[in-house]
Each structure stands twice: as C-alpha cells, then as structure tokens.
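# Remarks on the overall topology
Below, each chain spelled out in residue letters.
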Amino acid sequence: MMMDNGYPGEYGVDYMEQEEEWEREGLLDPAWEKQQKKTFTAWCNSHLRKAGTAIDNIEEDFRNGLKLMLLLEVISGETLPKPDRGKMRFHKIANVNKALDFIASKGVRLVSIGAEEIVDGNLKMTLGMIWTIILRFAIQDISVEEMTAKEGLLLWCQRKTAPYKNVNVQNFHLSFKDGLAFCALIHRHRPDLIDYAKLSKDNPLENLNTAFDVAEKYLDIPRMLDPDDLINTPKPDERAIMTYVSCYYHAFQGAQQVGNVSHVPEPTREYTYVPNYDAETAANRICKVLKVNQENERLMEEYERLASDLLEWIRRTMPWLNSRQADNSLAGVQKKLEEYRTYRRKHKPPRVEQKAKLETNFNTLQTKLRLSNRPAYLPTEGKTVGDISNAWKGLELAEKAFEEWLLAETMRLERLEHLAQKFKHKADAHEDWTRGKEEMLQSQDFRQCKLNDLKALKKKHEAFESDLAAHQDRVEQIAAIAQELNTLEYHDCVSVNARCQRICDQWDRLGALTQRRRQALDEAERILEKIDILHLEFAKRAAPFNNWLDGTREDLVDMFIVHTMEEIQGLIQAHDQFKATLGEADKEFNSIVNLVREVESIVKQHQIPGGLENPYTTLSANDLTRKWTDVRQLVPQRDQTLANELRKQQNNEMLRRQFAEKANSVGPWIERQMDAVTAIGMGLQGSLEEQMHRLREYEQAVYAYKPHIEELEKIHQAVQESMIFENRYTNYTMETLRVGWEQLLTSINRNINEVENQILTRDSKGITQDQLNEFRSSFNHFDKNRLGRLTPEEFKSCLVSLGYSIGKDRQGEMDFQRILAVVDPNSTGYVHFDAFLDFMTRESTDTDTAEQVIDSFRILASDKPFILPDELRRELPPDQAEYCISRMPPYKGPNGIPGALDYMSFSTALYGETDL
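In short, a report on the structure. Source: prediction; values computed, not measured.

### Structural notes on the nonpolar core
A general tendency of soluble globular proteins is for nonpolar side chains to be buried together. Counting 81 residues, the largest nonpolar core has Trp43, Ile130, Ile133, Phe176, Phe182, Ile186 and Tyr248 as its most contacted members. Sort the elements by how many residues they give to this core and helix 7 (residues 123-139) lands first, with twelve residues. Those residues in contact with Ile133 that sit more than four places away from it in its chain are Trp43, Leu68, Leu72, Ile75, Ile103 and Ala138. Core analysis: the second largest hydrophobic core is formed by 34 residues, Phe446, Leu454, Leu595 and Leu634 among them.

If you want it as structure tokens, here you go:
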C-alpha cells in the first residue's frame, strides 16, 4: 500500500517517502500493527464520542462505511452525502466509496486502497486509511517556524523539551520510549500537574503511566498507547506516537491560538493558566523583529558588494570591446572572434545572473522594508539601479559594435583566404594528378608486353590523352586565380606565382612526352600484331595436325583383337590406305614448322622478350617434330605386327573346322540317345524288366562312345589356347556338349533307379503292371514339360484324374496340404514320380493304421485303457516288449494303477500325421 496526499512541502513530498518505509516495515511488524490498531482506535473514538458513538474493532466497525462517514463529518465539520442504509455488500461498498471520495476531495490521493478491502475487513488497508485521515486532519496543519507536518511537530517537541534533563527528542519512536518526553511536554505547559524533579529515566513504566493518566484526566487526551508495548517493543511504532503527540500539540497550542480551536478538545478551551505563555510570546516577538532587521542589513551589504563588482567588471571590459586593431590575417580575426565567443559563453552569463540577482535582491529588500514599516533603501552614489542599467546598456552597445566589426573583417579576410585556398586546392589536385605522369610517359614498359597487354597500354594511353585534354581547363583556372590574387595584392603572391609557373612548365613537357609515347606504342603494336598473326596461324594448323599425329600414333601402337580372317584383312587394307597419305602429311609438317622459323627471325631482329611464346597454343615445333618422327618409325613396325596376326588367324581357321567337324557328329548322337532314354523313362515301352534291359544296353553304348568325347576335348583345348571364341561352322560348343553328355549319363542312371524302385514297389505292394502303367500315364499327362515332376496344382489335378476325392472347401484344402506334406516333405514346390508312386501305392494297398494297432493293444490289455509291462512281456517278443516299455508314456487317465502305460498315445505317435 502506498499513500500520497498530493500536498507540497515536507508533508507532501519528504514525508510521503517515509510513508513508503512504513509500508515496507510497519505493516510487516505485528507489534507495530498492534500498537497502531490500539492508538488509531482511541483516536477515532476521541472524535466519535462527540457524536455519541464509538468503535470497538477498527477493522470490523468501519466495514459498512457508516461510522467512517460519521468520523469524517466530525473531524472536518462538513456534511457528507447521505449514506445507503441497506445491509447488502454493494451498499457497504457505496458508503465506503463516499468516504474515500471525500478524502480524495481534500487533496489526498489513495493508492491501492479500495472500498472492497475496507468492506472485507482488511486490517492493513484499514489502518492505512485511518493513518491517511490522521495525517490530513491532525498533523498536516501543524506549523512551527515555517516547518509543517512531521518536521514541525518534531521541532515543537524539541523546543518545548529542550530545558529538561534526560530528554532529547530526535524522533517519534525511541525518544519517547522512557516516558520522560511526554512528562516534559505536560510539565512545560502545566507544571502544576506533574512534579518533574521526582521522575527517573530508570523507571519508564511509571513515567509513561503518569503522563497517560494526567493527559487523560486533566487534558482530555484519551489513552492511545500501552506502556508495556512501548517498553517491550525494540522500536515503537512511529505513527502511533505521532498520533498521540499531535493531541498534545492541539491541546497546548489551542490555549495560545485563540480563534483556531477546531482541533482542540472542549476542556482546553477553558484553560486559563498563561504566565509562561506571555513571556514566551514576548521573546518570540523580539527575535522576530531582530531577525527581520538582520536580514535587511545583509541584503543591503550584498547589494553594495554585487553592484561594485559588476560596475568594475564593466569598466574593465569596455576598452577591449572598443579596440579595432588586427594583424590583417584571418587567423588573427578568428582568434579575436573566438575570444569574443568565449566572453559571451563563459564570462558574461555569470554577470547576467549577477545583475539579475542584484535587481532581485534590491526589489526583495525594498518590499521587506515596506512591509516592516522601514524606510526605503537608497544605494550609494553611482550604484543605483539606474546607474547599473545605464552601464549595462553601454556594455551591450559596445558588444554589438565589436561583433559587427569582427564579422565584417572576417568576411573580408575569408574571401581573400578562400581565394588562396582555392588556388592551393586546385594546385594540389593538379600536382597530385601529374605526380608520376612524366615517369610513366618516359617508361619503356611496352617493350616487355605481349600484344594484349600492349593494346591495353594503348587504350590506357588514349584515356590519358583524353584526361590530359580535360585538365587543360584546370590549368587555365589555376593561372586565372593566381592573376586575381596578384591583382588583390595577396600577402603571399611570390609563392603563388612561383607555383603557377612550375605548373605551366610541367604542362608543356607532358604534352611533348604524350606525343612521343603514342608513336612508340603504334610501332610496337605493328610488330607484335605480325608475330601474333604467325602464332595464330601456327595454332590453327598445329592443333589438327597434332591431333592427327596423336591419333595416328595411337592407331599404330593400338592392341587390336581379331577373331576372323576378314577382320585382319580389313586392318591390313586400312593400313595400306594410311601409308598412301604420308606424303601430304610431310608437306603440312614442313609448312607449319616454317611459321615458327619466321617468328624466331622477327623476335631476334627486334629483341622482343617473350615473343617466342605462343599465347594460342601450348604446342611447339619440337613437339610436332618429335611426334612426326615417332609416326615414321611406327609404320614399318605396324606392317610386321599385321603380318604376324594374319598367320595366326589362318591357323585359327583350321582349328575351327576340325572342332566343327567332330562336334557336328557328337552332338546329334547325344541327342538321339537322350530322346531314346527319355522315351523309356516315360514307361510306355514294355514291361519294367524290358525297360531295365534296354536302359542297360544304352548305358553300355554310352560308355563305349566316350573316346569321341575325349578327342573333342583335345581339339577344344587347342581352340582355347588360340583364344578362339566363335565358330561359324557349328552351333555346338564344348560346354553344351559336356552338359548334354552329363545329362545323358544322369538320365540313364536316374531311369535305371526309377525302374528298380518301381519293380521293388510292385513286388512288395502287389501292384500290377496295369496299375503302374495307369499311374505313369496320368503323371506323364500332367507333366507337360517332360521334367519328371509336377507342381502342386498339377499334382492335385492328377489325383482327381485318378479318382481321388478332394473337396473344394476349407477342409478339402487342409486334406490336400497334408497329402502335399507327405509327397513333398522338404517343401521344394514339386512332386517327383517316385514320391507320387509311393503315395499311390499306399493308397491302393491294404496297410496298417493307428486304429488297428490301438485295437490290437486293447485286446492284449483285456479292454483296459492302459497296459501293464508284464502283459507286454508275456504277449510280445522280449526285444519288442522292452522297446514298447521304454517308449510308452505313463497312463494319466482315470482308474490307472502304478506302472500303467498309455498305449493309445504310443500308437498315435507311431503314425503321426502320415495316417491319412
């Protein structure tokens, strides 16, 4: 919470800063809060009793705003707006707001104190509001020797208690803690009420009770403080003590200030004890008169001193302002102007203030003399206000004339100085521009340049010539300014004329040097252009010739690979055509080399550095000569290489014919044998014994034919060693023949094995030859590619064709998957004839099942669901009985006995999922 009453002076500014301290410290200290609550309650009651009422609980009794409005009416003597009599919350808030608005109308600004906090019984906010009211209506109007509010009240206490021993009032907390200050205030005004000599500083409780009792009984000041709280609190609450002390002030001062009794309780108005008051008033009156007289004398002396000092300063300043002497230089006049500015900026302002202060003091002095019935003050001769005003006007006129002279002289010299600076600036700029130009024009730098650099130098020289022509006007301006300075008799004309002459002489030299450099650049350009043309011609002709040489060298040393006679004959023919062009190539070579020789001659004649370097190519005559020599040496070497390759291809052609003749005989034989074996494997030729007989005959024939294969391998080895990869005389390769031979052997062995297995299956299962033929016929029908295997879909179709029932529903699919797991246990995705035959044989013959085996075990167990080891040993051979006992799981069903074995699980496990 912050409070600001908006009043100026000590109470309005300084004291409000202390109120912020109260916000940070007082409201956070429970002891201070307790003291404030008690003191503020007593203070409010001291006024409310005039209206015949009182409060008991400060945070509760003001909540409806009625007693708060009544309190403000009593202490202000004014009438507030009619309160709302309702008991609702908004009625209470309206009443409190009326009270707060009245406080604000008295110039007090309440910050963070709202009607809602008061209505809600917020103690801290309520105490803050009451303290604001106390400040405004009980403390603000206190005034002692031009001090108001807190400082005035403190000064009043200090003055009244000054003669008393052991009393030193410095503040409103610790200074009143021992009670002597309260007793001293009472004794000073009513010595008949307290015997101050009997009081002791060591007995604060007695002192406080004495003061509070006397004040309440004789001065009508209620007890607002608790002696125990003051003694036991390290730092008593300053606001509570100020509130209580302000009641003392109004009680005692009311006896002296007749007519100002608005804050004085009724009993003190009849107080008639005045002996000490008359003496004090007389003393104060004498002090006041003497103080006024002393102040008037001080002002008179100060006026005399200030007037003498100001007039003396004006007297010393006037000669300097009236002087018109100068050294005829801009620097000198500028120095005087700067001195004058310093005078106006530093020296005169204090004198202006001095003059204003002198006039103010004079007027103040005359006013005070008139108000105190004193005669008017008359300054000594020559120091009157009129004398000072006349002297000041003379000073201002001198300042104006001096300033006008300085400005006029500055403008005149600035004009002349500006002209000189203009000459210097233009001369400096011209000399900066010409610096190094003569050395540049005399330089032989173009002798070391190539053509592009020379052209750049020539362009640069042309730009310089344009720049030189443009500077002609500047040189003329410099000469014109120098002439004007001579006419105006500039003090340094000698140096100006000398510098102008140097500039003109240099200008003539630059013109002559520029012409000579132009001629030298033209001649150098002509020579370099001729060399450049030769370089360019060399580059144009050397590049393709060099490419031809590089390509030719690559062709002559290229590692060719040919496989036929036609290819080598084509290479030989192309080489012969190339040799026919060597004559023209030799002429081109000599022509290109002669270009380089001509360049060398020109460079040597004119001593051109770097002239032999060709900017258009990195090739040189030596490079071409070296490559041309290489080509001439590689041609006969190529002739020999092509002849050797021709002999090699002739030998390869012979090997091709030998391999083709033998392969064209072996390949068809293997194919015929393969077809015959495949036909036997289809099972369409006689009985199984007849098929076996014929397969054995083919086996012997194949082994007898093996020497032909070995002979063909020898020929193939020679073909590979000769790096022959193609043979247009045959479609057979050794790899295909090897594969065919191996397939033939594999097919014979596989068919022999299949026939043997079929014979074994037929004999063991009792399958007839017709049944085998039927199975083979159905399998071959669905084996479209004659690979000896069926896909799952082909296998299913084959089963259906043989009368096997497979449903199209989910159960049918599950049955087929179980069959497929039997015939393709490795999940290869194919069903071979052996597996197919084995499955069809089992389906076509009578086989044991898990149910049959379980029924057999049940007979041996006498219809029990389990069997005992003794029964197995009795009915089965020993080895088979022990086999069953070791593998049968214990019986876990109902009515079991120790040692009982589960023959049902055992029988099911024997067949597993093969029992279809």
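Having seen the model, we can carry on.
### Some points on the pattern of salt bridges
This structure, assessed with the given rule, holds 52 salt bridges. Its salt-bridge partner being Lys38, residue Asp226 comes within 3.2 Å of it at the nearest N-O pair. Linking Asp226 in the loop between helix 10 (204-218) and helix 11 (227-232) with Lys38 in helix 2 (residues 30-48), this pair joins segments that are 188 residues apart in sequence. By relative accessible area, Lys38 is classed as partly exposed at 36%. Measuring nitrogen to oxygen at the nearest pair gives 3.1 Å for the salt bridge that ties Asp192 to Arg190. Salt bridges here are not isolated pairs; linked through shared partners, they connect Glu295, Arg298, Glu302, Lys357 and Lys368.

### Observations regarding the side chain of Lys627
Considering the arrangement of structural elements, one finds Lys627 in helix 23 (residues 621-681). The class for Lys627 is buried, based on a relative accessible area of 10%.

### Here's the deal with the packing of aromatic side chains
Across all of its chains, the model carries 32 aromatic pairs by this definition. Relative to Tyr249, the ring of Trp156 has its centre 5.2 Å away and its plane inclined at 85°; by these criteria the two rings are edge-to-face. Of the two residues, Trp156 is situated in helix 8 (residues 149-161) and Tyr249 in helix 12 (residues 238-256); the sequence distance between them amounts to 93 residues. By relative accessible area, Trp156 is classed as buried at 3%. Plain terms: the ring middles of Phe182 and Tyr244 are 5.5 Å apart, the flat faces sit at 65° to each other, and that makes the pair edge-to-face. Of this pair, Phe182 sits in helix 9 (residues 180-189) while Tyr244 is found in helix 12, placing the two residues 62 residues apart along the sequence. Of the two residues, Phe182 and Tyr244, neither departs from the other in class, the shared state being buried. One Lys or Arg, Arg136, reaches over the ring of Phe137 and ends 5.2 Å from the middle of that ring. Taking NZ or CZ as reference, Lys437 lies 4.9 Å from the ring centre of Trp433, over its face.

Thresholds applied
- Residues numbered from 1 in each chain as written.
- Predicted model: local features only at pLDDT ≥ 70, side-chain atom pairs only at ≥ 80, totals over all residues.
- Heavy atoms only, no water.
- Core = buried A, V, L, I, M, F, W, Y, C linked by side-chain atoms within 4.5 Å.
- Buried < 20%, exposed > 50% of the residue type's maximum accessible area, 1.4 Å probe, protein only.
- Helix = DSSP H or I, 4+ residues; strand = E, 2+ residues; numbered from the N terminus.
- Contact = heavy atoms within 4.5 Å.
- Salt bridge = Lys/Arg side-chain N within 4 Å of Asp/Glu carboxyl O.
- Phe/Tyr/Trp six-rings, centres within 6.5 Å; stacked < 30°, edge-to-face > 60°.
- Lys NZ or Arg CZ within 6 Å of the ring centre and 35° of its normal.

The quantities given are spatial measurements derived from coordinates; they are silent on function.
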